[in-house]
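Residue-level structure breakdown
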Amino acid sequence: MRTTSRDIRTANRYRVLRQAIAESPASRPRLAAATGLSPATVTTLVAELIAHDMLVDAGFEDSGGGRPRGLFEVNPGGGALIGVDVAETYVHAEVVDLTLRTLARAHEELDPGDREPTRLTRRIGAAVRAAAGRAATGAPVLGAGISMPGMVDREGGVSVYAANWDWHHVPLLSLLADEIPFPLHLDNPMRACLVAELWFGAASGREDAIVANLGTGVGAGFALGGAPHRGASNSAGEWGHTRLVPDGRRCRCGRLGCVESYVGAPGIMRTLAEISPGSPLLAGDDQTATVARLARACREGDPVADQVLRRTADHLGAALADLVNLLDPEIVILTGWVARRLGAPLLGLAREAVARHALRRPRETTEIVLSPIRVNPVSLGAATFALEGALASVGRAGS
Ligand SMILES: [Zn+2]
C-alpha cells in the first residue's frame, strides 16, 4: 500500500490530538515541540480540529510580556465514541467522550456454544444501543469500534477466521451495519490493546513498542516507527503460534510447541497439573479461578505456585527474547488478564528470563513493563479505532 499525503496528514492529526489528550490545555508552540511537527503544520491542524469541534479555545497563556499565546483543549462534548470488546463469553460496550472518559457501559454474557453470526451481531447491536441510551449524551456519536477475536480483514469488514466459533469468511461489517447506525471500524483485540497503549498507555510517545497480550490466547501487537504494524493481510502478531519447544505440547492451532500452549491460561494450568497433579489450585477447567488461586498462592509463598510461575516466566522470557532480538524495541508492555492477575511477580521473573535469553545490545535498551491502563484496554482501543476513523474523515470532508 502506498503512503499518500492524505495518510501523512491523518497521522499528523493523530499526533496533535493524542498530545492534546495527554496534556491539556496546550499551546501551539508546546504542541510543535512535543510532536516534532512544524509550527505552521500545527497551526493548520489545530484550526482544522477546532472547526470540527474536537478542540476548543481555552484562553491565553502568560508569555511574560510578549504576545499572549492562545491555549486550547480537547472538547469532551465534541463527540462520543463507542468501543466494543467482543470475546467468546461476553460483549462489553463502552461509550466515551473525546477525552476517552467513560460515559456509560453495557455488558452482556454470551453462550460460548452459540456460534451463529446473525444471533451474535444482534447481541452486539443490543449492547451498543443499551450503552448509547445510557450515555444520553447530546454529543454526536462519531463511530463505533468493534474488536473481534481471530483474524479480521478490516478493510473488507470480514471475520476471516475465528477459531473459537469456527468462523470462516463471515461478512461481519454488513451484518453489524443492520444493527448499528454509526460508522463502524473492525479489528482484533491485539490491535486494540496496541492502539490503546500508543494513545494512552506505556507506548505513548514511543516509536518502537511491543504489546504482548496474555490471556486464554496469546498474541503481540507491534508499533514500528510510531504506527501499528498490521502486515499484508492484517494478521501480523500471531506470536502465540510461533514455536517455542520443538515437539512440545499440542496447541489448539494443531501444531506442536507454540508459545500460547505454555504461557496462555490453559498452558499455565497444564504446567500446574504437570508439577502437581490434582493440586487444589486447579479449579476444574475454570481458567479465571485457577489463575486467581495461583496469584494468591504466589503471594503467600506456596512452593508449587512459585515453581509454576518460574517455569511460565522462563517460557515467556524466552519467547519475548526472540521478539527483542528481532525488533529491538524501546519497550515491551505486558497486558491481558493473565498478565494483570499474575502482576509484578511474573514481570520480575520475566525480566530476568529475557536478560538470560536475549542478546545484550537490544536487551539493554528495552524496558519491560506491565500495562498502566486501568480500564478494559480492548474496549478503549476499539473506541480509539472510531476516533482514528473520525480523524481520517475530517480530511475527507475537504477541510
Ligand atoms: Zn499454536
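Scroll up for the structure.
Within each chain, residues carry numbers counting from 1 in the order of the written sequence. Where totals are concerned, whole chains, interfaces and linings use all residues; where local detail is concerned, this predicted model gives features only for residues with pLDDT of at least 70, and gives and counts side-chain atom pairs only at 80 or more. The basis for the side-chain values is all heavy atoms of the structure; hydrogens and waters are excluded.

1. Things to note about the environment of Ala321
Rules: Note on conventions: DSSP H or I runs of at least 4 residues are helices, E runs of at least 2 residues are strands, and numbering of each starts at the N terminus. The contact rule is simple, with two residues in contact once any of their heavy atoms fall within 4.5 Å.
In this structure, Ala321 sits in helix 10 (residues 303-327). For Ala321 and Arg356, which are 35 residues apart along the polypeptide, the C-alpha to C-alpha distance reads 8.6 Å. Setting aside anything within four residues of it in sequence, one finds Ala321 in contact with Val354, His357 and Ala358.

2. Comments concerning the coordination of the zinc ion
To keep it simple, the criterion reads: A donor here means an N, O or S atom no more than 2.8 Å from the metal, or no more than 3.2 Å when the metal is Na, K or Ca. Since water is not included, a site may seem to lack partners. Every angle between 85 and 135 degrees makes a four-donor site tetrahedral, while opposite donors more than 155 degrees apart, with all other angles between 65 and 115, make a four-donor site square planar and a six-donor site octahedral; other sites are irregular.
For the zinc ion, the protein coordination sphere consists of His241 (ND1), Cys251 (SG), Cys253 (SG) and Cys258 (SG), at 2.0 to 2.4 Å. Between the four donor atoms coordinating the zinc ion, the angles at the centre fall across 105 to 123°, so the site counts as tetrahedral. Donor residues binding the zinc ion come from one chain and are separated in sequence as H-x9-C-x1-C-x4-C. Remark: Cys258 occurs in the loop between strand 14 (227-228) and helix 7 (260-263) and His241 occurs in the loop between strand 14 and helix 7; sequence separation between them is 17 residues.

3. Concerning the side chain of Thr384
Take Thr384: it is sitting in helix 13 (residues 377-396). Setting aside chain neighbours within four positions, we find Thr384 in contact with Leu100, Val195, Trp199 and Phe200.

4. Structural notes on helix 9 (residues 287-299)
How we decide: In this analysis, the expected span of each helix is defined as 1.5 Å times one less than the number of residues it contains. Polar contact is defined as a pair of N or O atoms within 3.5 Å, subject to the rule that within protein one atom must be able to donate a hydrogen and the other to accept it, and that residues adjacent in sequence are counted only when both atoms are side-chain atoms.
Counted at 1.5 Å a residue, the expected span for helix 9 with its 13 residues is 18 Å, and the 19 Å between its end C-alpha atoms agrees. In the core, the buried residues of helix 9 are packed alongside helix 8 (265-275), helix 10 and helix 11 (337-357). Two or three places before Thr288, at the opening of helix 9, Asp286 has a side-chain oxygen 3.2 Å from that residue's backbone nitrogen. Following helix 9 by one or two positions, Gly301 has its phi on the positive side, about 80°.

By themselves these figures say nothing about function.
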